[in-house]
Structures are given as structure tokens and as C-alpha cells.
Amino acid sequence: MGISAAEFAARKFSPDSAGLQHARHFARNVMDEWGLTAYVEDAVIVIGELIANAARHALESDSRDETRATAWLGLVRRQQAVICAVADPSPCAPTLRHPGHLSESGRGMQIIEALSASWGCSQPQRSGKMVWARVPTPPQRP
């Protein structure tokens, strides 16, 4: 289930592999609907990293807990960009790490930085935060 309007779309996702796959699929469909098929690969990679970070660092829950934490993926189309944002319940801001050459993880924010024009994080609160990235696209036609 998602929410959609002319230049806005959002979808809730869970940290399991099916939830992450559905979020990526949702983003791909929205980008296609907006006529941004040529830019979908970079956007989906950025979105994949944003939602993977949320799943790993903010949505980890006790397997005995019946109420699973969720997060939201939001996409906003703006002049020459799509803003990809993930809101999650963690009050911890992301950090750009510099892992060793043989490290198996820790490069997500580097990938986001490389493929986006800019990225940032809302002021973290006890209730969570929003991490966003601005993925460049061509100017919109009137």
C-alpha cells in the first residue's frame, strides 16, 4: 500500500527482505510513472541504500516482539531532481564512514553521496529522523 499524488509518493516498509524489495519496486514504478525511466537506476540504488540503512540501524527488532517497527519511503519530484527520503524511528543520525578496502559493509552513505547531488538528515528526535538524498533529473516540462 502506498500514497501517491502528481509529484509525491510514499510507502511504508518493514525491515524484512520482502518489505525492502517492495519499497524498491514501488520506487521504480513511481519513477517510471513520472517519465524518469532513464534516471531510475541511480535513484533505486540510492533508495536501496537509504532503506537498507534504516532496516539495519533503525528497524532491528526483537524477533519475539509481535509489533514490528516500520519506516516510510517518500519520493518528491522537484525541478531537476527527485528527493528520496526515509523516515525511521531511530534518533541516531547517519554518518559517512570510511571502511577499509576489505571491509564487507559501511559504504552505504558513500554510495548515496556519490550518486546524489546532496543528502542530509533532519534534526534527530526521540521519535526518529528523516534521511534524504537529492537525485538529479532533467528539468520538468510545463
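Refer to the preceding data block for the structure.
Let us look at the structure shown here. Remember, it's a predicted structure, so these values are computed and weren't measured experimentally. (Residues numbered from 1 in each chain as written. Predicted model: local features only at pLDDT ≥ 70, side-chain atom pairs only at ≥ 80, totals over all residues. Heavy atoms only, no water.)

1. Examining helix H2 (residues 40-57)
The line we're drawing: Only DSSP runs of H or I covering at least 4 residues are called helices, and only runs of E covering at least 2 are called strands; the numbering of each starts at the N terminus. How far a helix is expected to stretch is found by multiplying one less than its residue total by 1.5 Å. A 1.4 Å probe rolled over the protein chains alone gives each residue an accessible area, and that area as a share of the maximum for its type sets the label: buried under 20%, exposed over 50%, partly exposed in between. Contacts are assigned to residue pairs that have any heavy atoms within 4.5 Å of one another.
The end-to-end C-alpha distance of H2 is 25 Å, a good match for the 26 Å that 18 residues give at a rise of 1.5 Å each. When we look at burial in H2, the residues that qualify are Val40, Ala43, Val44, Val46, Ile47, Gly48, Leu50, Ile51, Ala54 and Ala55. Of the surrounding secondary structure, the elements contacted by the buried residues of H2 are strand E2 (8-13), helix H1 (17-33), strand E3 (71-78), strand E4 (81-88), helix H3 (108-115) and strand E6 (129-136).

2. Comments concerning the pattern of salt bridges
A pair can form between side chains of opposite charge whenever their charged atoms are brought close. Quick note on the threshold: Any carboxyl oxygen of Asp or Glu within 4 Å of a side-chain nitrogen of Lys or Arg constitutes a salt bridge here.
Summed over all chains, the structure comprises three salt bridges. Put simply, Asp88 and Lys129 hold a salt bridge, and the shortest N to O gap is 2.7 Å. Residue Asp88 is found in strand E4, and its partner Lys129 is found in strand E6; the two are separated by 41 residues along the sequence. What makes Lys129 buried here is its relative accessible area of 9%.

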